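Fold and contact review
Now for the letters of each chain:
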Amino acid sequence: MRSSIATDLPRRLNKFFWYVIISVIILYSFKISRVDVFSFISGFSYSWSLIKEMFPPNFSHFDKIIILTFETISIGFWGTVIGIIISFPLGLLSSRNLFQGLPYIISRGIINFLRAVPDIMFAMLFVIAFGLGPIPGILALSLSTVGLLGKFYSEAIESVDRKPVEALESTGSRKTGIIRYAIIPQVFPLFMGYNFYLLDHNIRVAMVLGLVGAGGLGLELYNEMRSFNYQRVSALLIIVCIVITLIDRISTKMSKDIIEGEFLSGKNKVINLFLISIIGLISVISLFFIPVDFQEIISGVPRIFEFITGLFPPNLSGIDRYLYLVIETVSMGITGTVIAIFLSIPLGVLSARNILHSRIVNSLSREIINFLRAMPELIFALIFVSAVGLGPFAGVLAIALHTVGFLGKFYAEAIENIDKKPVEAIESTGARFIQKVRYAVLPQIIPLFNSYNLYLLDRNIRASTVMGVVGAGGIGFELIMSMKVLDYQRTLTIILLILITIVIVDYISHYLRKRVV
Amino acid sequence: MIVFKNVLKRYGGIKVLDGINLNIQTGEAVAIIGPSGSGKTTLIRTINGFVVPDSGVVSVNGDVVDYSNKKFLRNLRKKIGMIYQLFNLVERASALENVLSGCLGRHDNGMGLLFSTIGFFSKEEKELAMELLRFVGLEHKAFERVDRLSGGEKQRVAIARALMQKPDILLADEPIANLDPKTSKKIIELLLRINEEKKITLICVLHHLETVENNFKRIIALNRGKIIYDGFTSSLNRAELLAIYEESELCEAA
Ligand SMILES: Nc1ncnc2c1ncn2[C@@H]1O[C@H](COP(=O)(O)OP(=O)(O)OP(=O)(O)O)[C@@H](O)[C@H]1O
Ligand SMILES: [Mg+2]
């Protein structure tokens, strides 16, 4: 009897030990990213004065904004189209149930590599090769699309129903026949869903690729910001918000139709086709605005190889400084995530329909969450850099806001999906409301929350590697500087450090997530 | 002692409990049977206040249940353990944590409320929880998460949680409906053993007639919210028992 209670003690100590470790890491991260109460107080007042300078928005160059908006949409569109075209064969090749051996290993390797590299790094590379403008943006988006879509495609193919495949195999059909008649019909709706998700995602990314010179609204935003034309900045931001919200709505509607199998069917046919053709039309029309100089593209190709050969050998001098910046980058991700967790709990609770029975409050907090999720964090970062100055604090704030868009949604869903049976059981013991929350609700949602938090932490450390591109702290700043001064051997060192960090963080987060749920 | 006087409950105009009069003595073991939708669950949930009757009186141990008084209901529930068909455990918590949550009702104010909300229980309570887990034969699974237990083990954890309340009454709503026959037999034997050893009144909703015949002296049959039989199981023969179910099915078909 006594001995069995004693076995509780090591568990408690173990738990305590981990709490201490985690708290120390978090406190250290706040310190490294220079985030404290004072930075928040001054941050608020700086942001307030920035907002005052932004009013009234200056729409005097409205025609230019519209052209740039079209250009942004078309960068997203063409990047997605090219990405889909490349992803399809690569996705097939990297499906274990279709191909084995070298083709599988190579295509899987390519996809994993493309997914690990942040999209904005591709954009920087292509800007070096092809100069400023939309072409580098389209190319960068194509590559990052392959990283995501290739994986989605092969996962979908690997989980198809085996029975139709076997039926065709037994008729002696060749692999092409099997793919055409047994696999594609099964995965087609899913693929369509993924494609739309990517289109939505890519139009949003297209807004920020301009920050490194790859065309679209982002480039204009960056230039106006740097020349302190805040009233023009606010006009651009308003347009960005409108476009992003519209695209978000359209893609939510489309993916709902696809999931429910209603896509292009019945009453949805007209509206679906209409929406697609509008995006397509804008993209085709924009082709006329995009200066496609084939001469320039062809002469750019050797510059890519020049760049790649120029990377070697990596220049390891100053690595201790870079290592510190890696720590700063990781700290930014941690700090941003922790702040986001605190902001997301109230927002998640407010949007959970089974806790708060107020339609208005539910949908208001949902709208805030959706907006924060839809806005790219680099745009937040750009704004915060102007408000609170260069450095990691701006990056932390940007990451935190964007993360609330994910965590708030996940938290609300977790709360809405709790099992009510144990809640009643605890109530039937005569417990009070707070005890019900503590013993029947929290134990159900905390493991889920932890898993979401770890997932976001992983994602955010990845995101903080590129915050430096707009001066919002971390190693990204050194990356873009080394490219600007053509010191490619340093660039390679930094890229390698970033990739190693991403891989390690990914591994740790995967391991921990398997343990918490 | 539990007394029902003319208890009536309607859902959307339909009488789910239709003039129930009932006496259950302290320490008794009673089985409630009846076809689906006949009001069994509704009946037992009026005892701990999860269902509020439209009219009539329910009294427990001499006190008339005051359904509008939250504090009265909490004090009432502390003494009534509840066992469910789907166990109603927190799946991601350990067996021990689930059992401990049974004594929350005793800490409903002051420092006790504070400490229990933070997550502290006294040494005596932890020892009692372990003892109860041993009583139901699960001491070795105390730190196991509930989602890794079998159905029968889960029900035993739920029983230990109910016993943690030190209840006078156990309400069990189809406690074996989701278990295989062998496990069912063990759970019923456990409930009856608790009834005998600890003198806890047991009210058990069951569907399995053989289990009722073999284990319960008194049987209450419900049909369409009315008690159509209340008496010794032994004075009913098999055919009459079956008729309680069949007749109602005929009614429903008609
Ligand atoms: N909260 C409620 N709202 C509306 N109707 C209800 C509610 N609870 C129960 N009912 C209805 O009351 C009737 C009796 O329900 P009850 O759950 O008591 O039946 P039961 O005898 O326990 O049935 P079963 O054997 O299927 O569990 C059913 O017709 C049911 O639909
Ligand atoms: Mg029932």
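Since the model is a prediction, treat every value here as computed from it, not as a measurement.

**Here's the deal with the environment of A:Pro57**
All names here are of chain A.
- Counting through the fold element by element, Pro57 comes out in the loop between helix H3 (37-54) and helix H4 (62-93).
- Note on Pro57: relative accessible area 24%, which makes it partly exposed.
- When the C-alpha atoms of Pro57 and Ile203 are compared, they prove to be 24 Å apart, with 146 residues separating the residues in sequence.
- Every residue in contact with Pro57, bar those within four places of it in the chain, is listed here: Gln231, Ser234, Ala235 and Ile238.

**As for the interface of chain A and chain B**
- Counting residues at the interface gives 30 residues for chain A and 38 residues for chain B.
- In total, about 3100 Å² of surface goes out of reach between chain A and chain B, with carbon and sulfur atoms giving 57% of it.
- One can count 2 salt bridges joining chain A with chain B.
- Of the charged contacts, one joins A:Glu424 and B:Arg45 as a salt bridge, the two residues approaching to 2.9 Å between their closest N and O atoms.
- The tally of links from chain A across to chain B stands at 12 residue pairs in polar contact (both at pLDDT 80 or more).
- Breaking the side of chain A that touches chain B down by element, the ones donating at least two residues are helix H1 (2-6), helix H2 (8-32), helix H18 (420-427) and helix H19 (433-464) of chain A.
- The element that contributes the greatest number of residues to the side of chain A that touches chain B is H19(A), accounting for 9 residues.

**Notes on the site of ligand 1**
Residue and element names in this part refer to chain B.
- Taken together, the residues surrounding ligand 1 are Tyr11, Val16, Pro35, Ser36, Gly37, Ser38, Gly39, Lys40, Thr41, Thr42, Glu174 and His207.
- Between ligand 1 and the protein, one listed contact pairs an oxygen atom with a side-chain N or O atom of Lys40 at 2.8 Å.
- At 2.6 Å from an oxygen atom of ligand 1 is found a side-chain nitrogen or oxygen belonging to Thr41.
- It is helix H1 (residues 40-47) that contributes the most residues to the shell around ligand 1, 3 residues altogether.
- Classifying every residue of the shell around ligand 1 by side-chain character gives 3 nonpolar, 7 polar and 2 charged.

**Brief notes about the nonpolar core**
- Ranked by internal contacts, the top residues of the largest apolar core, which has 183 residues, are A:Met124, A:Ile379, B:Ile33, B:Leu133 and B:Ile159.
- Per element, the largest residue contribution to this core is 14 residues, and it comes from helix H17 (residues 392-416) of chain A.
- Ignoring anything within four residues of it in the chain, the contact list for B:Ile33 reads B:Lys40, B:Leu206, B:Leu209, B:Val212, B:Ile219, B:Ile220, B:Ala221, B:Leu222, B:Leu241, B:Ile244 and B:Tyr245.
- Grouped together as the second largest cluster of nonpolar side chains are 28 residues, B:Val7, B:Ile32, B:Leu43 and B:Ile169 included.

**Overview of the sheet that holds strand E5 (residues 63-64) of chain B**
All names here are of chain B.
- Reading across the sheet, the 4 strands line up as E2-E1-E4-E5 and stay open at both edges, with antiparallel pairing between neighbours. Edge positions in the open sheet fall to strand E2 (14-24) and E5, since each of these has one partner strand only.
- One ladder, built from 5 bridges, connects strand E1 (residues 2-11) with strand E4 (residues 55-60); its direction is antiparallel. When the sheet's bridge partners are listed, Val3 is paired in E4 with Ser59.

**Looking at the packing of H17(A) against H19(A)**
Residues and elements named next belong to chain A.
- Where H17 contacts H19, the two axes come as close as 10 Å, and the packing angle between them is 160°. The angle between H17 and H19 places the two elements in the roughly antiparallel class. Crossing geometry of H17 relative to H19 is assigned as right-handed. Here Ile399, His402, Thr403, Phe406, Leu407, Phe410, Tyr411, Ala414 and Ile415 of H17 lie close against H19, whose contacting residues are Ile445, Leu448, Phe449, Tyr452, Asn453, Tyr455, Leu456, Arg459, Asn460 and Ser464.
- Among the residues forming the contact of H17 with H19, the class breakdown is 13 nonpolar, 5 polar and 1 charged.

**Notes on the domain arrangement of chain A**
Residues and elements named next belong to chain A.
- If you check the domain split of chain A, you get domain 1 (20-53 + 313-517) and domain 2 (59-310).
- Computed over C-alpha atoms only, the centres of domain 1 and domain 2 are separated by 25 Å.
- Taken together, the contact pairs 29 residues of domain 1 with 29 residues of domain 2.
- For the pairing of domain 1 and domain 2, the buried interface totals around 2600 Å² over both sides, and the portion due to carbon and sulfur atoms is 78%.
- Counting the surface domain 1 buries against domain 2, the share from its top three residues, Leu382, Met483 and Tyr488, is 21%.
- On the surface where domain 1 and domain 2 come into contact, there are 1 salt bridge.
- Inspection of the domain 1/domain 2 interface yields 2 residue pairs in polar contact (both at pLDDT 80 or more).
- Among the secondary structure elements, those contributing two or more residues to the side of domain 1 that touches domain 2 are H3, helix H15 (359-374), helix H16 (377-388), helix H20 (476-484) and helix H21 (488-516).

**Observations concerning empty space enclosed by the protein**
Residues and elements named next belong to chain B.
- All chains considered together, the criterion is met by 2 cavities of 30 Å³ or more.
- Its residues placed into classes, the lining of the largest cavity shows 7 nonpolar, 1 polar and 1 charged.
- Within this model, the second largest cavity holds a volume of roughly 30 Å³.
- Contributing to the lining of the second largest cavity are Phe4, Leu22, Ile24, Ile32, Leu43, Ile44, Ile47, Ile203 and Ile220.
- Per-element tally for the lining of the second largest cavity: the top contributor is H1, with 3 residues.

**A short note on the environment of B:Lys126**
- Its location among the elements puts B:Lys126 in helix H5 (residues 123-135).
- Since its relative accessible area comes to 16%, B:Lys126 is described here as buried.

**Brief notes about the pattern of salt bridges**
All names here are of chain A.
- For the coordinates displayed, the defined rule picks out 33 salt bridges over all chains.
- Its salt-bridge partner being Arg249, residue Glu367 comes within 2.8 Å of it at the nearest N-O pair. Of this pair, Glu367 sits in helix H15 while Arg249 sits in helix H11 (residues 230-259), and the two are 118 residues apart along the sequence.
- Taking the relative accessible area as the measure of exposure, Glu367 reaches 39% and is therefore partly exposed.
- Its relative accessible area of 46% is what places Arg249 among the partly exposed residues.
- Ionic pairing is found between Arg459 and Glu377, a salt bridge with its closest N-O pair at 2.7 Å. Here Arg459 is found in helix H19, whereas its partner Glu377 is found in helix H16, with 82 residues between them in sequence.
- Arg459 sits in the partly exposed class, given a relative accessible area of 22%.

**Points about the packing of aromatic side chains**
- Inspection of the entire model under this criterion finds 15 aromatic pairs over all chains.
- When the centroid spacing of 6.0 Å and the interplanar angle of 20° are considered together, the rings of A:Phe126 and A:Phe130 count as stacked. Of this pair, A:Phe126 and A:Phe130 both sit in helix H6 (residues 119-130), 4 residues apart, roughly one helical turn.
- Looking at A:Phe126, the relative accessible area reads 9%, which means it is buried.
- Under the relative-accessibility criterion, A:Phe130 is labelled buried at 9%.
- Seen from their ring centres, A:Tyr411 and A:Phe449 are 3.8 Å apart, and the 10° between their planes marks the pair as stacked. In this pair, A:Tyr411 sits in helix H17 while A:Phe449 sits in helix H19, placing the two residues 38 residues apart along the sequence. For the pair A:Tyr411 and A:Phe449, one class covers both residues: buried.
- Put simply, the rings of A:Phe88, A:Tyr153 and A:Phe191 pair up and form one aromatic cluster.
- Here the guanidinium or amino end of A:Lys175 rests over the ring plane of A:Phe99, the centre of that ring lying 4.5 Å away.
- Sitting above the plane of the B:Phe50 ring, B:Arg77 keeps its charged end 4.2 Å from the centroid.

Reading the values: rules and limits
- Residues numbered from 1 in each chain as written.
- Chains lettered and ligands numbered in written order.
- Predicted model: local features only at pLDDT ≥ 70, side-chain atom pairs only at ≥ 80, totals over all residues.
- Heavy atoms only, no water.
- Helix = DSSP H or I, 4+ residues; strand = E, 2+ residues; numbered from the N terminus.
- Buried < 20%, exposed > 50% of the residue type's maximum accessible area, 1.4 Å probe, protein only.
- Contact = heavy atoms within 4.5 Å.
- Buried area = accessible area lost by both parts, 1.4 Å probe.
- Salt bridge = Lys/Arg side-chain N within 4 Å of Asp/Glu carboxyl O.
- Polar contact = N/O pair within 3.5 Å; in protein donor to acceptor, adjacent residues only side chain to side chain.
- Near = heavy atom within 4 Å.
- Nonpolar A, V, L, I, M, F, W, Y, C, P; charged D, E, K, R; others polar.
- Core = buried A, V, L, I, M, F, W, Y, C linked by side-chain atoms within 4.5 Å.
- Pairing = 2+ DSSP bridges.
- Axes fitted to C-alpha atoms, helices over the stretch in contact; angles between N-to-C directions.
- Parallel < 35°, antiparallel > 145°, perpendicular 65-115°, else oblique.
- Left-handed = near helix turned anticlockwise from the far one by under 90°.
- Domains from an automatic or database assignment.
- 1 Å grid on protein atoms, 1.4 Å probe; cavity = no way out; pocket = protein on both sides within 12 Å on 5 of 7 lines; lining within 4 Å.
- Points joined across faces, edges and corners; volume = space filled by probe spheres on them.
- Phe/Tyr/Trp six-rings, centres within 6.5 Å; stacked < 30°, edge-to-face > 60°.
- Lys NZ or Arg CZ within 6 Å of the ring centre and 35° of its normal.

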